[in-house]
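# Structural characterization, general
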Amino acid sequence: MPLWTIHHTPGVFSAVDKRELAARITDYYEQIGLPRFYVVTLFHETAPEDLYVGGEPTPVGVRIVIDHIARRAGDKKTRQRIAGGIKKILAPFFERHPGLHWEFHVDETSEDLWMINGLIPPPGGSEAERRWAEENVVSGY
């Protein structure tokens, strides 16, 4: 389950931008076989006086925390490919904001501590996970 928590100052994202970015994020993970409902995107508007970088308030900024649970990057090359893919998703939204400070990081969390609707998700790449992806719904397996 990728969980993207996006902290941003006012005016960085319109309602249309949020919907488009959430869709692009979801599409990214669907391409690798994850069910669309695994992907959760949260936007948190943060006042400039509540977002500090280097001890100073940041007038235009975005900080993104991404939790990966469903999959793990096995090596440095894969992690770099993932970071590049994330940058590719984000860059079009941020290029239009001069002086924007933006950054992200990805945490990998144990899938052993994850449930959806009280069910342990099926193993990655399994027939049950493929069915979840095709049906886009949680179901027993």
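For clarity, every value in this text was computed on a predicted model and none was experimentally measured. (Residues numbered from 1 in each chain as written. Predicted model: local features only at pLDDT ≥ 70, side-chain atom pairs only at ≥ 80, totals over all residues. Heavy atoms only, no water.)

So, on to the overall build of the chain. Helix and strand counts for the chain stand at three helices and six strands. The order of helices and strands in the chain, counted from the N terminus, is β-α-β-β-β-β-α-β-α. For the chain, buried positions account for 36% of its 141 residues. Long-range pairs, those at least 24 residues apart, make up 72% of the contacts in the chain with a sequence separation of at least 6. With an accessible surface of roughly 8,200 Å², the chain has 53% of that area assigned to carbon and sulfur atoms. Charge centroids of the chain, computed over 16 positive and 20 negative side chains, lie 6 Å from each other. (Helix = DSSP H or I, 4+ residues; strand = E, 2+ residues; numbered from the N terminus. Buried < 20%, exposed > 50% of the residue type's maximum accessible area, 1.4 Å probe, protein only. Contact = heavy atoms within 4.5 Å. Areas by Shrake-Rupley, 256 points an atom, 1.4 Å probe, with all protein chains shown as cover. Lys, Arg positive; Asp, Glu negative; His and termini not counted. Charge placed at Lys NZ, Arg CZ, Asp CG, Glu CD.)

In this structure, the largest pocket spans a volume of roughly 230 Å³. Together, 16 residues line the largest pocket, and Tyr29, Ile32, His68, Arg71 and Ile82 are the ones closest to its centre. For the lining of the largest pocket, the secondary-structure elements that each account for two or more residues are helix 1 (15-30) and helix 2 (76-94). Element by element, the count of residues in the lining of the largest pocket is highest for helix 2, at three residues. When the residues that make up the lining of the largest pocket are grouped by side-chain class, the tally is ten nonpolar, two polar and four charged. (1 Å grid on protein atoms, 1.4 Å probe; cavity = no way out; pocket = protein on both sides within 12 Å on 5 of 7 lines; lining within 4 Å. Points joined across faces, edges and corners; volume = space filled by probe spheres on them. Nonpolar A, V, L, I, M, F, W, Y, C, P; charged D, E, K, R; others polar.)

With that settled, consider the nonpolar core. Of all hydrophobic cores here, the largest spans 28 residues; its most connected members are Trp4 and Phe94. Counting residues per element, the ones that place at least two in this core are strand 1 (3-8), helix 1, strand 5 (61-68) and helix 2. Among the elements that make up this core, the one with the highest residue count is helix 2 (six residues). Beyond its immediate sequence surroundings of up to four residues, Phe94 is in contact with Val12, Phe13, Val62, Ile64, Leu100 and Trp102. (Core = buried A, V, L, I, M, F, W, Y, C linked by side-chain atoms within 4.5 Å.)

As for its placement among the helices and strands, Asp27 is situated in helix 1. The exposure class of Asp27 is partly exposed, given its relative accessible area of 32%. Sequence-wise, Asp27 and Val138 are 111 residues apart; in three dimensions their C-alpha atoms are separated by 18 Å.

What follows deals with the pairing of strand 5. Taken across its eight residues, strand 5 has six buried, putting it largely inside the fold. Judged from the six bridges that link them, strand 1 and strand 5 form a sheet pairing that is antiparallel. In the strand pairing of strand 5, His8 is matched with Val62. Traced from strand 5 through helix 2 to strand 6 (residues 101-108), the parallel crossover comes out right-handed. (Pairing = 2+ DSSP bridges. Right-handed = clockwise from strand over helix to strand, strands pointing away.)

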